[in-house]
2 protein chains.
Amino acid sequence: MKDDFYERVTPEDLKYDDRGLIPAIVQDYETKRVLTLAYMNAESLRRTLEIGQTVFWSRSRKEFWHKGETSGNYQYVKAIIADCDRDALTVLVTKDGPACHHGTDSCFSYPLFGDMPEEFRKIDQETEKKNNE
Amino acid sequence: MKDDFYERVTPEDLKYDDRGLIPAIVQDYETKRVLTLAYMNAESLRRTLEIGQTVFWSRSRKEFWHKGETSGNYQYVKAIIADCDRDALTVLVTKDGPACHHGTDSCFSYPLFGDMPEEFRKIDQETEKKNNE
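Conventions we followed
Residues numbered from 1 in each chain as written. Chains lettered and ligands numbered in written order. Predicted model: local features only at pLDDT ≥ 70, side-chain atom pairs only at ≥ 80, totals over all residues. Heavy atoms only, no water. Contact = heavy atoms within 4.5 Å. Buried area = accessible area lost by both parts, 1.4 Å probe. Salt bridge = Lys/Arg side-chain N within 4 Å of Asp/Glu carboxyl O. Helix = DSSP H or I, 4+ residues; strand = E, 2+ residues; numbered from the N terminus. Pairing = 2+ DSSP bridges. Axes fitted to C-alpha atoms, helices over the stretch in contact; angles between N-to-C directions.

Account for the interface of chain A and chain B, with residues named and values stated.
Across the boundary between the two partners, chain A contributes 57 residues, which contact 57 residues of chain B. Together, Tyr6, Tyr110 and Leu112 of chain A form the three largest contributors to the area buried by chain A at its contact with chain B, with a combined 16%. Counting every contact that joins chain A to chain B gives five salt bridges. Here Asp87 of chain B ties to Arg59 of chain A by a salt bridge, and the two come within 4.0 Å at their closest N and O atoms. Of all the elements in the fold, those that place two or more residues in the side of chain A that touches chain B are β1 (22-28), β2 (34-40), β5 (75-83), β6 (89-95), β7 (108-113) and α2 (118-132) of chain A.

Written as structure tokens, this is what we have:
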């Protein structure tokens, strides 16, 4: 740990919303692509830290969601960075495969304005090639 | 526009929560760093698309928040990418200066687990040098 430069925070410093949740932006540690916006409660963060893989709280299914449990595409946590208000997290991960259950590298694959950045487009074209093999 | 590869969405396709909001992950187009998690309603998205700069909805102040209006650090929108559920956005921007009102490049500057990725650490060290000049 290089503790010199940054002010570090602990799980106790975090602010959860009125449902007990904190948004967790999952970002690819290697490509820096945003993969998914998920949510954690205090217990799912505890489990994430314990096993070193992402464990979210599924708002729709109202249950813990250990990413990869059904797909095999686990996410390995490299770093968790809180924001200035302590009410949002960026979770940097490496991963075994696509982050999205639709088979795409990232859940963020639907342009509304402008074009997909070229680096990410290349990943998507490679992923599609693999899926078609 | 390279419309060939991706399924594009329109503002009408988006799903807002019970407060009429959608989370907007602001990401630096150049460094790919996650800068801020903010929120938009339909009108702030409309204004964002109209002026090409980020306009959020401030949940605490309950008003539109044209990023940069007070600090001068405007964010210029290069692309907006929706997720598979159409209930979250990644907004890719270039920017005039620090994204955080604390003067840091990103609001996500407080490690909870692991270390800040080296690329981002370099940016923060340069920003601090500038701030101290």
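Describe the environment of Tyr76 of chain A, naming the residues involved and giving the relevant values.
All names here are of chain A. By secondary structure assignment, the location of Tyr76 is in strand β5. Once the C-alpha coordinates of Tyr76 and Leu92 are considered, the two residues, 16 residues apart in sequence, prove to be 8.3 Å apart. Setting aside chain neighbours within four positions, we find Tyr76 in contact with Gly52, Gln53, Leu92, Val93, Thr94, Lys95 and Asp96.

An account of the environment of Gly97 of chain B is requested, with residue identities and associated values reported.
Tracing the chain through its elements places Gly97 of chain B in the loop between β6 (89-95) and β7 (108-113). The spacing of Gly97 of chain B and Asn73 of chain B is 24 residues in sequence and 5.0 Å in space, taken between C-alpha atoms.

Any chance you could break down the sheet that holds β6 of chain B for me, citing the residues and the numbers?
Here we have five strands laid out as an open sheet, ordered β7(A)-β5(B)-β6(B)-β1(B)-β2(B), and mixed in their pairing. Of all the strands in the sheet, just β7 of chain A together with β2 (34-40) of chain B have a single pairing partner and so form its edges. In this sheet, neighbouring strand axes are inclined to one another by 30° on average, regardless of whether the strands run parallel or antiparallel. In this sheet, β6 of chain B lies alongside strand β1 (residues 22-28) of chain B in parallel orientation, the contact comprising five bridges. The residue of β6 of chain B that forms the bridge with Asp28 of chain B is Val93 of chain B. In this fold helix α1 (residues 42-51) of chain B packs onto β7 of chain A together with β2, β5 (75-83) and β6 of chain B, with an angle of close to 130° to the strand it touches most, β5 of chain B.

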